[in-house]
Amino acid sequence: LIHFYKRPRIFDRTMSESGSDSAPEDVTFEAARSVALENIKEAAKAIEDQREKRKTAKKRKIEFLKQQKEEKLKRLKELESQKLPEDLLANLTSSEPATEDNPASS
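Owing to the predicted nature of the structure, the values given are computational and were not obtained by experimental measurement.

Some details on the overall build of the protein
For the protein, the count of helices and strands is 4 helices and 0 strands. For the protein, the succession of helices and strands along the chain, N to C, is α-α-α-α. Counting every position in the protein, which comprises 106 residues, the buried fraction comes to 0%. Accessible area of the protein: about 10,800 Å², with a carbon and sulfur share of 58%.

Structure (structure tokens):
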């Protein structure tokens, strides 16, 4: 604990030296007001830009998902057209048990 007390306090020394050398800067009310208004406008513009970015990203995502869904439906339709008719499949399944009952006859 003793070594903490023996350290030179640089922070206190630099603060006291720089504080006494210069006076605070004089700023008029109108200049400070205009700077504050500019900062507010910049912040509002940044918020609006973020909203626009989110909005365009959401639109792109919706468009991408819509296109993906259309492609999927197109593929399903193509596969459906390549499928055998239901009545043919029903006839095949109804005739299969008859051939399975008598495997020696074939």
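What about a nonpolar patch on the surface?
Among the surface-exposed residues, Leu 84, Leu 88, Leu 89 and Leu 92 lie close enough to one another that they form a single nonpolar patch of about 310 Å² accessible area. Looking at the secondary structure, you find Leu 89 in helix H4 (residues 86–101).

Details of the pattern of salt bridges
Taken as a whole, this structure holds 4 salt bridges when the rule is applied. A salt bridge links Lys 83 to Glu 80, with the shortest nitrogen-to-oxygen separation between them at 3.8 Å. For Lys 83, a relative accessible area of 43% puts it in the partly exposed group. A relative accessible area of 49% places Glu 80 in the partly exposed class. Lys 83 is the salt-bridge partner of Glu 86, the closest N and O atoms lying 3.9 Å from each other. In this structure, a network of salt bridges that share partners links the residues Glu 80, Lys 83 and Glu 86.

About the criteria used
Residues numbered from 1 in each chain as written. Predicted model: local features only at pLDDT ≥ 70, side-chain atom pairs only at ≥ 80, totals over all residues. Heavy atoms only, no water. Helix = DSSP H or I, 4+ residues; strand = E, 2+ residues; numbered from the N terminus. Buried < 20%, exposed > 50% of the residue type's maximum accessible area, 1.4 Å probe, protein only. Areas by Shrake-Rupley, 256 points an atom, 1.4 Å probe, with all protein chains shown as cover. Patch = residues over 30% accessible without salt bridge, like charges linked within 9 Å, V, L, I, M, F, W, Y side chains within 5 Å. Salt bridge = Lys/Arg side-chain N within 4 Å of Asp/Glu carboxyl O.

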